[in-house]
Amino acid sequence: MSPHTRLVRLTALGATTALALTACGGQAASDSGSDDAPQGVVSKAAAKKIADHYEEVNNKANAAQDEKLLGTVEAGQVYAMDKATYTLFATWPKKEQKAYTKPFSYRDREYVIPEKGTATWFAVRAKSSENSENSVLLVFDKVGGTYKMVLSLWADGEEPPKPALDRHGLAEAVDPGTKVGKLAPSEIGAAYADFLETGGKKKGKALTSTEPVENAGKTYQRSSTEGAAGGKATERFFAKTPADPSVYALRTADGGVLALFPAAHKQESLLKESYRSIADLVPNDEQSALGATRGALITDVFEGQGLAELTPKSARITAVDFQHVDAR
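Residues numbered from 1 in each chain as written. Predicted model: local features only at pLDDT ≥ 70, side-chain atom pairs only at ≥ 80, totals over all residues. Heavy atoms only, no water.

A few points about the environment of G40
Alright, step 1. Mapped onto the fold, G40 is located in the loop between strand 1 (19-23) and helix 1 (44-64).
Alright, step 2. With relative accessibility at 15%, the residue G40 sits in the buried group.
Alright, step 3. Sequence separation between G40 and A171 is 131 residues; the distance between their C-alpha atoms is 8.7 Å.
Alright, step 4. Beyond its immediate sequence surroundings of up to four residues, G40 is in contact with I113, P114, E115, K116 and L170. (Helix = DSSP H or I, 4+ residues; strand = E, 2+ residues; numbered from the N terminus. Buried < 20%, exposed > 50% of the residue type's maximum accessible area, 1.4 Å probe, protein only. Contact = heavy atoms within 4.5 Å.)

Shown next, in the form of C-alpha coordinates:
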(Lines give C-alpha, C1' and ligand atoms only; values in the text may rest on other atoms or scores of the structure.)
Protein backbone atom coordinates (compact mmCIF):
# COMPACT_ATOMS: atom_id res chain seq x y z
CA MET A 1 0.00 0.00 0.00
CA SER A 2 1.42 3.31 -1.03
CA PRO A 3 1.69 6.06 1.61
CA HIS A 4 -0.32 8.17 -0.84
CA THR A 5 -3.40 5.92 -0.57
CA ARG A 6 -6.49 8.05 0.04
CA LEU A 7 -8.01 6.23 2.99
CA VAL A 8 -11.29 7.47 4.42
CA ARG A 9 -11.14 8.30 8.12
CA LEU A 10 -14.46 8.34 9.92
CA THR A 11 -14.84 11.61 11.78
CA ALA A 12 -17.68 13.41 13.46
CA LEU A 13 -18.96 14.13 9.97
CA GLY A 14 -19.21 10.44 9.13
CA ALA A 15 -18.23 8.64 5.98
CA THR A 16 -17.31 11.00 3.19
CA THR A 17 -19.80 9.76 0.61
CA ALA A 18 -22.00 12.67 -0.39
CA LEU A 19 -25.62 12.27 -1.34
CA ALA A 20 -27.49 14.73 -3.52
CA LEU A 21 -31.26 15.03 -3.85
CA THR A 22 -32.85 15.99 -7.14
CA ALA A 23 -36.33 16.05 -8.60
CA CYS A 24 -37.32 12.92 -10.51
CA GLY A 25 -36.09 12.79 -14.01
CA GLY A 26 12.63 -2.30 18.11
CA GLN A 27 15.66 -4.52 17.44
CA ALA A 28 15.97 -6.54 14.32
CA ALA A 29 15.49 -10.27 14.58
CA SER A 30 18.67 -12.26 14.93
CA ASP A 31 20.26 -14.06 12.00
CA SER A 32 22.29 -16.19 14.36
CA GLY A 33 23.72 -19.27 12.74
CA SER A 34 23.97 -21.15 16.03
CA ASP A 35 22.53 -24.66 15.73
CA ASP A 36 20.70 -24.42 19.07
CA ALA A 37 19.27 -20.92 18.46
CA PRO A 38 15.55 -20.88 17.53
CA GLN A 39 14.80 -19.82 13.98
CA GLY A 40 12.40 -17.13 12.93
CA VAL A 41 9.45 -17.55 10.55
CA VAL A 42 11.90 -16.04 8.06
CA SER A 43 15.42 -14.76 8.47
CA LYS A 44 16.07 -11.04 8.65
CA ALA A 45 17.74 -11.24 5.22
CA ALA A 46 14.69 -12.97 3.74
CA ALA A 47 12.33 -10.44 5.35
CA LYS A 48 14.35 -7.59 3.84
CA LYS A 49 14.22 -9.22 0.41
CA ILE A 50 10.43 -9.67 0.64
CA ALA A 51 9.90 -6.05 1.73
CA ASP A 52 12.23 -4.77 -1.02
CA HIS A 53 10.33 -6.77 -3.64
CA TYR A 54 7.00 -5.48 -2.35
CA GLU A 55 8.22 -1.90 -2.51
CA GLU A 56 9.45 -2.28 -6.10
CA VAL A 57 6.33 -4.01 -7.43
CA ASN A 58 3.94 -1.76 -5.51
CA ASN A 59 5.51 1.34 -7.06
CA LYS A 60 5.15 -0.13 -10.56
CA ALA A 61 1.55 -1.17 -9.94
CA ASN A 62 0.60 2.24 -8.52
CA ALA A 63 2.08 4.02 -11.52
CA ALA A 64 -0.10 2.01 -13.90
CA GLN A 65 -3.04 1.18 -11.58
CA ASP A 66 -2.28 -2.44 -12.46
CA GLU A 67 -4.52 -4.54 -10.21
CA LYS A 68 -3.16 -7.85 -11.47
CA LEU A 69 0.45 -6.86 -10.82
CA LEU A 70 -0.45 -5.57 -7.37
CA GLY A 71 -2.03 -8.93 -6.59
CA THR A 72 1.36 -10.61 -6.90
CA VAL A 73 2.57 -8.81 -3.74
CA GLU A 74 -0.63 -7.92 -1.87
CA ALA A 75 -3.51 -9.98 -0.49
CA GLY A 76 -6.20 -9.83 2.15
CA GLN A 77 -7.59 -6.59 3.48
CA VAL A 78 -4.96 -4.33 1.95
CA TYR A 79 -5.50 -5.74 -1.53
CA ALA A 80 -9.29 -5.33 -1.27
CA MET A 81 -8.78 -1.69 -0.32
CA ASP A 82 -6.13 -0.91 -2.92
CA LYS A 83 -8.10 -2.43 -5.80
CA ALA A 84 -10.86 0.05 -5.00
CA THR A 85 -8.28 2.84 -4.85
CA TYR A 86 -7.34 2.08 -8.45
CA THR A 87 -11.01 2.18 -9.46
CA LEU A 88 -11.39 5.63 -7.87
CA PHE A 89 -8.11 7.01 -9.20
CA ALA A 90 -9.78 8.70 -12.19
CA THR A 91 -12.06 10.70 -9.86
CA TRP A 92 -9.14 12.38 -8.05
CA PRO A 93 -7.67 15.81 -8.79
CA LYS A 94 -4.60 15.69 -11.04
CA LYS A 95 -2.36 16.84 -8.20
CA GLU A 96 -3.40 13.86 -6.05
CA GLN A 97 -2.98 11.47 -8.98
CA LYS A 98 0.57 12.69 -9.50
CA ALA A 99 1.41 12.33 -5.81
CA TYR A 100 0.01 8.80 -5.66
CA THR A 101 2.06 7.54 -8.59
CA LYS A 102 5.31 9.01 -7.28
CA PRO A 103 7.71 6.22 -6.21
CA PHE A 104 8.31 5.80 -2.48
CA SER A 105 10.44 3.66 -0.19
CA TYR A 106 10.25 2.32 3.36
CA ARG A 107 13.08 3.56 5.57
CA ASP A 108 14.42 2.89 9.07
CA ARG A 109 12.99 -0.60 8.97
CA GLU A 110 12.69 -2.85 12.00
CA TYR A 111 11.86 -6.48 11.24
CA VAL A 112 9.51 -8.04 13.79
CA ILE A 113 9.77 -11.80 13.29
CA PRO A 114 8.06 -14.46 15.44
CA GLU A 115 9.69 -17.81 16.09
CA LYS A 116 9.23 -20.46 13.42
CA GLY A 117 6.30 -22.71 14.22
CA THR A 118 4.42 -20.05 16.22
CA ALA A 119 3.16 -18.04 13.24
CA THR A 120 3.15 -17.88 9.44
CA TRP A 121 3.72 -14.13 9.27
CA PHE A 122 6.14 -11.35 10.16
CA ALA A 123 5.87 -7.58 10.45
CA VAL A 124 7.95 -4.59 9.41
CA ARG A 125 7.94 -1.34 11.30
CA ALA A 126 9.22 1.53 9.17
CA LYS A 127 8.84 5.09 8.01
CA SER A 128 8.15 6.17 4.46
CA SER A 129 10.17 8.46 2.24
CA GLU A 130 6.88 10.38 1.89
CA ASN A 131 6.11 10.49 5.62
CA SER A 132 9.07 10.85 7.93
CA GLU A 133 7.03 11.62 11.06
CA ASN A 134 4.72 8.64 11.56
CA SER A 135 5.67 4.99 11.43
CA VAL A 136 3.82 2.20 9.67
CA LEU A 137 3.36 -1.45 10.60
CA LEU A 138 3.28 -3.78 7.61
CA VAL A 139 2.21 -7.40 8.01
CA PHE A 140 3.42 -10.00 5.50
CA ASP A 141 1.75 -13.40 5.55
CA LYS A 142 2.18 -16.49 3.38
CA VAL A 143 -0.64 -16.65 0.82
CA GLY A 144 -0.58 -19.50 -1.68
CA GLY A 145 3.04 -20.22 -0.86
CA THR A 146 4.17 -16.60 -1.38
CA TYR A 147 4.66 -13.86 1.20
CA LYS A 148 2.35 -10.94 0.50
CA MET A 149 1.53 -7.77 2.39
CA VAL A 150 -1.91 -8.14 4.02
CA LEU A 151 -2.24 -5.23 6.48
CA SER A 152 -0.69 -1.77 6.62
CA LEU A 153 -1.36 0.43 9.65
CA TRP A 154 -0.05 3.97 10.04
CA ALA A 155 0.36 5.31 13.55
CA ASP A 156 -2.04 8.24 13.73
CA GLY A 157 -0.28 10.60 16.12
CA GLU A 158 0.38 7.85 18.70
CA GLU A 159 3.25 5.46 18.13
CA PRO A 160 2.42 1.83 19.03
CA PRO A 161 4.36 0.17 21.86
CA LYS A 162 7.53 -1.74 21.07
CA PRO A 163 7.18 -5.50 20.59
CA ALA A 164 8.61 -7.85 23.19
CA LEU A 165 11.72 -9.60 21.85
CA ASP A 166 13.47 -12.59 23.36
CA ARG A 167 17.25 -12.90 23.71
CA HIS A 168 17.46 -14.10 20.11
CA GLY A 169 15.63 -11.02 18.86
CA LEU A 170 12.43 -12.92 18.03
CA ALA A 171 8.94 -11.56 18.65
CA GLU A 172 6.12 -13.39 20.43
CA ALA A 173 3.01 -13.97 18.32
CA VAL A 174 -0.25 -14.11 20.29
CA ASP A 175 -3.27 -16.25 19.39
CA PRO A 176 -5.91 -13.74 18.19
CA GLY A 177 -8.60 -15.71 20.02
CA THR A 178 -6.98 -15.29 23.43
CA LYS A 179 -8.79 -12.79 25.65
CA VAL A 180 -6.73 -9.96 27.10
CA GLY A 181 -9.01 -8.44 29.71
CA LYS A 182 -12.52 -8.10 28.28
CA LEU A 183 -11.69 -8.66 24.62
CA ALA A 184 -9.60 -10.91 22.40
CA PRO A 185 -7.80 -9.37 19.40
CA SER A 186 -10.28 -11.16 17.13
CA GLU A 187 -13.19 -9.31 18.81
CA ILE A 188 -11.91 -5.77 18.38
CA GLY A 189 -13.32 -5.20 14.87
CA ALA A 190 -16.86 -6.14 15.95
CA ALA A 191 -16.61 -3.94 19.04
CA TYR A 192 -15.59 -0.99 16.88
CA ALA A 193 -18.41 -1.62 14.38
CA ASP A 194 -20.87 -1.56 17.28
CA PHE A 195 -20.16 2.15 17.72
CA LEU A 196 -21.30 2.76 14.15
CA GLU A 197 -24.37 0.53 14.55
CA THR A 198 -25.57 1.39 18.06
CA GLY A 199 -23.29 4.09 19.43
CA GLY A 200 -21.42 1.47 21.46
CA LYS A 201 -24.33 0.11 23.46
CA LYS A 202 -23.45 -3.58 23.00
CA LYS A 203 -20.01 -5.04 22.16
CA GLY A 204 -18.52 -1.57 22.07
CA LYS A 205 -18.90 -1.20 25.85
CA ALA A 206 -15.65 -3.12 26.27
CA LEU A 207 -13.61 -0.50 24.38
CA THR A 208 -11.72 2.30 26.09
CA SER A 209 -12.62 5.77 24.86
CA THR A 210 -10.05 6.92 22.27
CA GLU A 211 -10.30 9.33 19.36
CA PRO A 212 -11.19 6.68 16.73
CA VAL A 213 -13.89 5.24 19.00
CA GLU A 214 -15.27 8.68 19.88
CA ASN A 215 -15.42 9.59 16.17
CA ALA A 216 -17.33 6.40 15.38
CA GLY A 217 -19.80 7.25 18.12
CA LYS A 218 -20.24 10.76 16.73
CA THR A 219 -20.85 9.28 13.28
CA TYR A 220 -23.63 7.15 14.74
CA GLN A 221 -25.19 10.14 16.51
CA ARG A 222 -25.06 12.30 13.38
CA SER A 223 -26.51 9.62 11.14
CA SER A 224 -29.26 8.82 13.66
CA THR A 225 -30.35 12.43 14.11
CA GLU A 226 -29.61 14.07 10.75
CA GLY A 227 -29.83 11.17 8.30
CA ALA A 228 -28.75 11.90 4.73
CA ALA A 229 -29.73 14.29 1.94
CA GLY A 230 -30.67 17.09 4.28
CA GLY A 231 -32.83 14.83 6.41
CA LYS A 232 -34.86 13.51 3.47
CA ALA A 233 -33.22 10.09 3.79
CA THR A 234 -32.28 7.85 6.71
CA GLU A 235 -28.70 6.71 7.18
CA ARG A 236 -27.68 3.55 9.00
CA PHE A 237 -24.50 1.52 9.44
CA PHE A 238 -24.21 -2.26 9.55
CA ALA A 239 -21.18 -4.40 10.36
CA LYS A 240 -20.09 -6.89 7.71
CA THR A 241 -17.48 -9.62 7.51
CA PRO A 242 -14.18 -8.12 6.26
CA ALA A 243 -12.77 -9.21 2.91
CA ASP A 244 -10.11 -11.04 4.94
CA PRO A 245 -10.98 -11.68 8.63
CA SER A 246 -7.37 -12.52 9.60
CA VAL A 247 -6.17 -10.84 12.80
CA TYR A 248 -2.51 -10.52 13.84
CA ALA A 249 -1.30 -9.97 17.40
CA LEU A 250 2.05 -9.48 19.15
CA ARG A 251 3.16 -9.35 22.76
CA THR A 252 4.52 -5.90 23.61
CA ALA A 253 7.50 -4.98 25.75
CA ASP A 254 5.18 -3.53 28.42
CA GLY A 255 3.35 -6.85 28.77
CA GLY A 256 0.30 -5.97 26.69
CA VAL A 257 -0.80 -7.15 23.26
CA LEU A 258 -0.72 -5.20 20.02
CA ALA A 259 -3.51 -6.23 17.63
CA LEU A 260 -3.77 -5.46 13.93
CA PHE A 261 -7.33 -6.19 12.88
CA PRO A 262 -9.59 -5.91 9.82
CA ALA A 263 -12.93 -4.07 9.87
CA ALA A 264 -15.75 -3.54 7.42
CA HIS A 265 -19.21 -2.02 7.33
CA LYS A 266 -22.08 -1.04 5.08
CA GLN A 267 -23.70 2.39 5.03
CA GLU A 268 -27.31 2.44 3.82
CA SER A 269 -28.98 5.68 2.79
CA LEU A 270 -32.72 5.27 2.19
CA LEU A 271 -35.03 7.99 0.92
CA LYS A 272 -37.95 8.50 3.27
CA GLU A 273 -41.23 7.16 1.91
CA SER A 274 -42.85 10.59 1.61
CA TYR A 275 -40.17 11.67 -0.90
CA ARG A 276 -39.95 8.53 -3.05
CA SER A 277 -42.55 9.65 -5.58
CA ILE A 278 -40.91 13.01 -6.22
CA ALA A 279 -37.16 12.54 -5.81
CA ASP A 280 -34.15 10.25 -6.10
CA LEU A 281 -30.89 9.90 -4.24
CA VAL A 282 -28.14 10.74 -6.73
CA PRO A 283 -24.67 9.16 -6.37
CA ASN A 284 -21.63 11.42 -6.34
CA ASP A 285 -18.64 10.81 -8.62
CA GLU A 286 -17.01 8.35 -6.23
CA GLN A 287 -20.18 6.34 -5.73
CA SER A 288 -20.84 6.31 -9.48
CA ALA A 289 -17.33 5.02 -10.17
CA LEU A 290 -18.03 2.15 -7.77
CA GLY A 291 -21.30 1.26 -9.48
CA ALA A 292 -24.09 3.19 -7.74
CA THR A 293 -27.09 4.50 -9.69
CA ARG A 294 -29.78 6.96 -8.69
CA GLY A 295 -32.77 5.65 -6.79
CA ALA A 296 -34.40 5.45 -3.38
CA LEU A 297 -31.54 3.46 -1.79
CA ILE A 298 -27.75 3.71 -2.01
CA THR A 299 -25.64 1.15 -0.17
CA ASP A 300 -21.94 1.92 0.32
CA VAL A 301 -19.39 -0.66 1.46
CA PHE A 302 -16.18 0.18 3.31
CA GLU A 303 -13.26 -2.12 4.02
CA GLY A 304 -10.77 -1.12 6.68
CA GLN A 305 -8.16 -2.01 9.23
CA GLY A 306 -7.20 -0.92 12.72
CA LEU A 307 -4.56 -0.95 15.41
CA ALA A 308 -5.37 -1.68 19.07
CA GLU A 309 -3.44 -2.00 22.32
CA LEU A 310 -4.86 -4.55 24.78
CA THR A 311 -4.08 -4.96 28.48
CA PRO A 312 -6.03 -6.65 31.28
CA LYS A 313 -7.47 -3.22 32.12
CA SER A 314 -8.11 -1.61 28.73
CA ALA A 315 -8.75 -2.12 25.02
CA ARG A 316 -7.52 0.96 23.18
CA ILE A 317 -8.02 1.41 19.44
CA THR A 318 -5.40 3.93 18.39
CA ALA A 319 -5.84 4.05 14.60
CA VAL A 320 -8.38 3.04 11.95
CA ASP A 321 -8.43 3.46 8.18
CA PHE A 322 -11.24 2.76 5.73
CA GLN A 323 -11.51 2.63 1.96
CA HIS A 324 -14.75 3.00 0.03
CA VAL A 325 -14.85 -0.21 -2.03
CA ASP A 326 -18.38 -0.57 -3.42
CA ALA A 327 -21.62 1.35 -3.95
CA ARG A 328 -24.97 0.14 -5.25
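So, next bit.
Things to note about unusual backbone geometry
Alright, step 1. The backbone phi angle of D108 is positive, close to 50°, even though this residue is not glycine.
Alright, step 2. With respect to the helices and strands, the residue D108 is situated in strand 2 (residues 106-112).
Alright, step 3. On the basis of relative accessible area, D108 is assigned to the exposed category, the value being 65%.
Alright, step 4. In this model, A229 sits at a positive phi of 50°, which is unusual for a non-glycine residue.
Alright, step 5. We classify A229 as buried; its relative accessible area is 15%.

Structural notes on helix 6 (residues 211-226)
Alright, step 1. Between its terminal C-alpha atoms helix 6 stretches 22 Å, which fits the 22 Å expected from 16 residues at 1.5 Å a residue.
Alright, step 2. Those residues of helix 6 that are buried lie in contact with helix 5 (188-198), strand 6 (233-239) and strand 11 (315-327).
Alright, step 3. Taken from the residues just after helix 6, G227 is the one with a positive phi, measuring 65°. (Expected span 1.5 Å × (residues − 1).)

Notes on the packing of aromatic side chains
Alright, step 1. Evaluated as defined, the whole model comprises 10 aromatic pairs.
Alright, step 2. With a centroid separation of 6.5 Å and 85° between ring planes, the pair formed by Y86 and Y100 is classed as edge-to-face. Taken together, the residues Y86 in helix 3 (residues 76-88) and Y100 in helix 4 (residues 94-101) connect sequence positions 14 residues apart.
Alright, step 3. Given a relative accessible area of 8%, Y86 falls into the buried group. (Phe/Tyr/Trp six-rings, centres within 6.5 Å; stacked < 30°, edge-to-face > 60°.)

Considerations on the pattern of salt bridges
Alright, step 1. In the structure shown here, the tally under the stated rule is 14 salt bridges.
Alright, step 2. One salt bridge in this structure joins D52 and R109, with 2.8 Å as the shortest N-O distance. Within this pair, whereas D52 is found in helix 1, its partner R109 is found in strand 2, the two being separated by 57 residues in sequence.
Alright, step 3. Overall, the relative accessible area of 22% leaves R109 in the partly exposed class.
Alright, step 4. In this structure, E110 and K162 form a salt bridge, with 3.7 Å as the shortest nitrogen-oxygen distance. Within this pair, whereas E110 is found in strand 2, its partner K162 is found in the loop between strand 5 (146-154) and helix 5, the two being separated by 52 residues in sequence.
Alright, step 5. Each of the salt bridges in this network shares a partner with another, and the network as a whole consists of K48, D52, E55 and R109. (Salt bridge = Lys/Arg side-chain N within 4 Å of Asp/Glu carboxyl O.)

Topic: the nonpolar core
Alright, step 1. Grouped together as the largest cluster of nonpolar side chains are 39 residues, with contacts concentrated most on F122 and F140.
Alright, step 2. Put simply, the parts of the chain that give this core at least two residues each are helix 1, strand 2, strand 3 (121-128), strand 4 (131-143), strand 5, strand 7 (248-251) and strand 8 (257-271).
Alright, step 3. Ranked by residues supplied to this core, first place goes to strand 5 with six residues.
Alright, step 4. With near-sequence residues (within four places) excluded, F122 lies in contact with V42, A47, I50, V112, I113, P114, L138, V139, F140 and Y147.
Alright, step 5. With 25 residues, the next largest nonpolar core counts V174, V180, A206 and A308 among its residues. (Core = buried A, V, L, I, M, F, W, Y, C linked by side-chain atoms within 4.5 Å.)

By themselves these figures say nothing about function.
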